[in-house]
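Residues per chain are reported as follows:
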Amino acid sequence: MTGRTEEALSYEQARDELIDVVRRLEAGGTSLEESLALWERGEELAKVCRRWLEGARARLDAALAEEEEEEEEGGSE
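All figures in this text were calculated on a predicted structure; none of them were measured in a lab.

Chemist: Just checking my understanding: could you explain the overall build of the chain for this structure?
Modeler: The helix and strand inventory of the chain stands at two helices and zero strands. Burial status across the chain gives 14% buried among its 77 residues. A separation of at least 24 residues holds for 65% of the contacts in the chain among residues at least 6 apart in sequence. Surface exposure of the chain reaches about 6000 Å², of which carbon and sulfur atoms provide 51%.

In structure tokens form, the structure reads like this:
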């Protein structure tokens, strides 16, 4: 596992690391302690991905709302 903080990870970095964590867990062969550490890291990475996606959704919603406002203002003239 890396020592990177959650804030420093891009969506793609968090997603790729999460994929690696899942592969390692699915492959087995790790101790209980290591499996728990991987699981915890996976949960952290999933939260990072979720925050990025929620932020992207908010930006898209804001852009669409702005576009609709502009269309309404332009249509009322």
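So much for the structure itself; the text now carries on.
Chemist: Help me out: how do you make sense of the environment of alanine 14 in this one?
Modeler: Tracing the chain through its elements places alanine 14 in helix α1 (residues 11-27). Linking alanine 14 and tryptophan 52, residues 38 residues apart in sequence, is a C-alpha distance of 9.7 Å. Not counting chain neighbours up to four residues away, the residues in contact with alanine 14 comprise Leu9, Leu45, Val48 and Cys49.

Chemist: Where do I start with α1 in this structure?
Modeler: It helps to recall that an α-helix has 3.6 residues per turn; residues three or four apart then point in one direction. A rise of 1.5 Å per residue sets the reference length of α1, with its 17 residues, at 24 Å; its end C-alpha atoms lie 24 Å apart and thus fit the reference within 8%. Residues Ala14, Glu17 and Val21 constitute the buried set of α1. Axial view of α1: buried residues confined to an arc of 70°, hence all on one face. Relative to its buried face, α1 has exposed residues pointing more than 90 degrees away, namely Arg23, Glu26 and Ala27. Of the residues flanking the end of α1, it is glycine 28, one or two places downstream, whose phi is positive at about 75°.

Chemist: It is not clear to me how the pattern of salt bridges should be interpreted in this structure. Could you clarify?
Modeler: Two side chains with opposite charge may pair up if their charged atoms get near one another. The tally for this structure, following the rule as stated, stands at five salt bridges. With a closest N to O distance of 2.9 Å, glutamate 34 and arginine 24 form a salt bridge. Taken together, the residues span a long stretch of sequence, with glutamate 34 in helix α2 (residues 32-75) and arginine 24 in helix α1 at a distance of ten residues. You can call glutamate 34 partly exposed: its relative accessible area is 31%. Each of Glu17, Arg41 and Glu44 takes part in a single network of salt bridges with overlapping partners.

Chemist: Where do I start with a negative patch on the surface in this structure?
Modeler: A surface patch of negative charge is lined by Glu66, Glu67, Glu68, Glu69, Glu70, Glu71, Glu72 and Glu73. With respect to the secondary-structure elements, glutamate 67 resides in helix α2.

Chemist: Which parts of the structure should I look at to understand the environment of leucine 38?
Modeler: Structurally, the position occupied by leucine 38 is in helix α2. On a C-alpha basis, the gap between leucine 38 and aspartate 20 in space is 9.7 Å, while along the polypeptide they are 18 residues apart.

Chemist: Quick question: what am I supposed to make of the nonpolar core here?
Modeler: Soluble globular proteins tend to pack their nonpolar side chains together in the buried interior. Listed in full, the seven residues of the largest apolar core are Leu9, Ala14, Val21, Leu38, Leu45, Val48 and Cys49. Among the elements that make up this core, the one with the highest residue count is α2 (four residues). For cysteine 49, the contacting residues outside a window of four places in its chain are Tyr11, Ala14 and Arg15.

What counts as what
- Residues numbered from 1 in each chain as written.
- Predicted model: local features only at pLDDT ≥ 70, side-chain atom pairs only at ≥ 80, totals over all residues.
- Heavy atoms only, no water.
- Helix = DSSP H or I, 4+ residues; strand = E, 2+ residues; numbered from the N terminus.
- Buried < 20%, exposed > 50% of the residue type's maximum accessible area, 1.4 Å probe, protein only.
- Contact = heavy atoms within 4.5 Å.
- Areas by Shrake-Rupley, 256 points an atom, 1.4 Å probe, with all protein chains shown as cover.
- Expected span 1.5 Å × (residues − 1).
- Arc of directions from axis to C-beta.
- Salt bridge = Lys/Arg side-chain N within 4 Å of Asp/Glu carboxyl O.
- Patch = residues over 30% accessible without salt bridge, like charges linked within 9 Å, V, L, I, M, F, W, Y side chains within 5 Å.
- Lys, Arg positive; Asp, Glu negative; His and termini not counted.
- Charge placed at Lys NZ, Arg CZ, Asp CG, Glu CD.
- Core = buried A, V, L, I, M, F, W, Y, C linked by side-chain atoms within 4.5 Å.

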